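The lines below spell out each chain.
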Amino acid sequence: MKQYDILVLGAGPGGYVAAIKAAQMGAKTAVVEAGELGGVCLNVGCIPTKTLLKSAKVYESIMNAEKYGIDIKDKNSVAINLDAMVKRKNQAVRRLTSGVKMLLEKNGVDIYKGFGEVVDKNTIKVNDEILNTKNLIIATGSSPMIPDIEGIKESFEQGYAVTSTEVLDPKELPEHLIVVGAGTISIEFATLYNALGSKVTILQRSPRILSGIDKDLSEAMAKVLTKKGVKIIYGVKHKKFEGNKIIVEVNGEEKTFEGDKILVSLGRTPNLKGLEKLNLETDRKGIITDERLRTNIEGVYAIGDINGKHLLAHVASAEGIIAVENIMGKDSKMSYDRIPSCIYSFPEIATVGMTEDEAREKGYDIIVGTFPLSANGKALAEGDRDGFVKIVANKEYGEILGVHMMASTATDMIAEGVMTMELEGTLEDIARGIHPHPTLSETVMEAAHLALGSPIHTLK
Ligand SMILES: Cc1cc2nc3c(=O)[nH]c(=O)nc-3n(C[C@H](O)[C@H](O)[C@H](O)COP(=O)(O)OP(=O)(O)OC[C@H]3O[C@@H](n4cnc5c(N)ncnc54)[C@H](O)[C@@H]3O)c2cc1C
């Protein structure tokens, strides 16, 4: 029987990072993966979506070339080659997943391909092989949640209803894509297919899209999508699916929407199969863990989507490192109040920390600085002037409580907010830090100046 110090179940961005870290810290480590190395993130999540979104952005830029002083005589000759787009996406995935394999091997991690079934907290069965471990890290991730709606199963069987996985490998462009739900994944796919020329309708239950983010951002995104022709229907109650149709109730009235694909994107469900014998404490979101990633069972840790705290790849990886450090005798904790969250729409959205409403609800005396991209030189040069940066700070010392932004490169720029918060930095720190010119990052500095009451490139 093989004996390990740490066995990691699942090799997504949580599991494979934990395994590398464990091996680097001197633990004899194994990782067990039922599907593909890299998990959802590399295979059917973060990377494939962003690769396709890049293709869509190139297409959108070409179709709007005259905005930049470039005339295209015959736009009908500009064609989307879906096969080539998907091939490019698959190449990026292959390159990254083989990179993960190489990293695991070179760090001395044993890789087992197969479904890991937990016999007890020290014993895992994989393809008739029994592995023994002192510590277990569960990193089995999540799967698309399919709600129990009449006819939905049949609609999936007929290929009309799809999840985020199938919609990544389109054989042809849907003429009309219906998106059920309006969270991050929904908005990214709405952006993708809208930019590629599909008609897109979003059906949303609550009165706003992206209900978890700062209200100003979600309203701005709704405006951008609407301007681009995406239809958003609010207050929708789902009644039933009939093949390519979804029948809903909106303000007490029954309505039918018909599309050639219906993307069901209503959240994720934790992958708990194979863990039944452990008697883990769980809730609706997944396995309950503390800030050290410990479960209710000693020596068993749960990281990433399976604990349902933040369904994000970078959180899974960070939790993997923290779990391993705790196993190896360090006392490490996650800081869940500084998690960046990104939406790769056009323009992008990125946030960290408290929203303005949250800060007020928690009783903070706050100041807010909001600087529009339309007053920024680089934004004008690039032709991307939709958006703004909003900083929420504690009035007393100017400590940053949250940063919220919509900008073409927001997902990169948010790191400034994250690092400032990590260092418990203030508005003064951001305003004094000399930002390169011309860049979109200057908008962060300008928002800080504004919050301090001394704006330079806008009026009070
Ligand atoms: C369309 C889409 C886009 C996304 N975009 C982003 C993004 O841009 N940025 C971001 O931060 N996050 C994004 N996410 C979320 C991100 O993919 C997840 O948060 C992340 O993959 C979670 O990592 P994980 O390691 O917890 O689990 P997963 O990536 O789900 O990996 C779990 C692995 O465990 C394996 N497994 C499950 N059970 C067993 C078992 N019993 N035995 C062996 N193996 C098992 C599975 O096969 C899987 O490979 C996106 C998700 C989707 C669906």
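Here is a short report on the structure shown in this document. (Residues numbered from 1 in each chain as written. Predicted model: local features only at pLDDT ≥ 70, side-chain atom pairs only at ≥ 80, totals over all residues. Heavy atoms only, no water.)

What to know about the site of the ligand
By nearness alone, 40 residues border the ligand, and Glu 33, Lys 50, Gly 116, Asp 305 and Ala 313 come closest of all. Between an oxygen atom of the ligand and a main-chain N or O atom of Gly 14, the distance comes to 2.9 Å. Between an oxygen atom of the ligand and a main-chain N or O atom of Ala 313, the distance comes to 2.8 Å. Burial of the ligand by the surrounding chains reaches 92%, relative to a free accessible area of 1000 Å². Of all the elements in the fold, those that place two or more residues in the shell around the ligand are β2 (29-33), α2 (39-44), α3 (46-63), α6 (184-196) and α8 (313-327). It is α2 that provides the largest number of residues to the shell around the ligand, a total of four residues. Split by residue class, the shell around the ligand holds 18 nonpolar, 16 polar and six charged. (Near = heavy atom within 4 Å. Polar contact = N/O pair within 3.5 Å; in protein donor to acceptor, adjacent residues only side chain to side chain. Areas by Shrake-Rupley, 256 points an atom, 1.4 Å probe, with all protein chains shown as cover. Helix = DSSP H or I, 4+ residues; strand = E, 2+ residues; numbered from the N terminus. Nonpolar A, V, L, I, M, F, W, Y, C, P; charged D, E, K, R; others polar.)

Looking at the pattern of salt bridges
A full pass over the atoms with the stated rule returns 20 salt bridges. Lys 50 is the salt-bridge partner of Glu 188, the closest N and O atoms lying 2.8 Å from each other. Taken together, the residues Glu 188 in helix α6 and Lys 50 in helix α3 connect sequence positions 138 residues apart. On the basis of relative accessible area, Glu 188 is assigned to the buried category, the value being 6%. One salt bridge in this structure joins Arg 360 and Glu 356, with 2.6 Å as the shortest N-O distance. With Arg 360 and Glu 356 both in helix α9 (residues 356-361) and four residues apart, this pair spans about one turn of that helix. On the basis of relative accessibility, which here comes to 17%, the residue Glu 356 falls in the buried class. (Salt bridge = Lys/Arg side-chain N within 4 Å of Asp/Glu carboxyl O. Buried < 20%, exposed > 50% of the residue type's maximum accessible area, 1.4 Å probe, protein only.)

Things to note about helix α11 (residues 410-422)
With 13 residues, α11 should cover 18 Å at 1.5 Å per step; its first-to-last C-alpha distance of 18 Å lies within 8% of that length. The set of residues buried in α11 consists of Ala 410, Thr 411, Met 413, Ile 414, Gly 417, Val 418, Thr 420 and Met 421. The arc enclosing the buried residues of α11, seen along the axis, measures out at 165°, which places them on a common side. Glu 424 sits one or two residues past α11 and shows a positive phi near 50°. (Expected span 1.5 Å × (residues − 1). Arc of directions from axis to C-beta.)

With respect to empty space enclosed by the protein
Tallying each qualifying case throughout the model produces one cavity of 30 Å³ or more. Looking at the largest cavity, its volume works out to about 30 Å³. Lining the largest cavity, in full, are Leu 52, Leu 82, Met 85, Pro 170, Leu 192, Tyr 193 and Leu 196. Looking at the lining of the largest cavity, the elements with two or more residues in it are α4 (82-106) and α6. With three residues, α6 is the single largest residue contributor to the lining of the largest cavity. (1 Å grid on protein atoms, 1.4 Å probe; cavity = no way out; pocket = protein on both sides within 12 Å on 5 of 7 lines; lining within 4 Å. Points joined across faces, edges and corners; volume = space filled by probe spheres on them.)

Observations concerning the environment of Lys 89
Relative to the assigned elements, Lys 89 resides in helix α4. Those residues within four positions of Lys 89 in sequence are excluded, and the remaining contacts are Pro 48, Thr 51, Leu 52, Leu 168 and Asp 169. (Contact = heavy atoms within 4.5 Å.)

Focus on the state of the cysteines
This model, assessed by the stated rule, comprises zero disulfides. Cysteine Cys 342 shares no disulfide, and the gap to the nearest cysteine sulfur, in Cys 46, comes to 10 Å. (Disulfide = S-S within 2.5 Å.)

Some details on the layout of surface pockets
Considered as a void within the structure, the second largest pocket measures approximately 450 Å³ in volume. Considering the residues around the second largest pocket, the lining is formed by 19 residues, among which Glu 60, Lys 67, Lys 228, Gly 383 and Asp 384 are closest to the centre. Where the lining of the second largest pocket is concerned, the elements lending two or more residues are α3 and α7 (215-227). No other element matches α3, which puts three residues into the lining of the second largest pocket. Here the lining of the second largest pocket is built from residues that sort into four nonpolar, five polar and 10 charged.

Read these as spatial facts, not as claims about activity.
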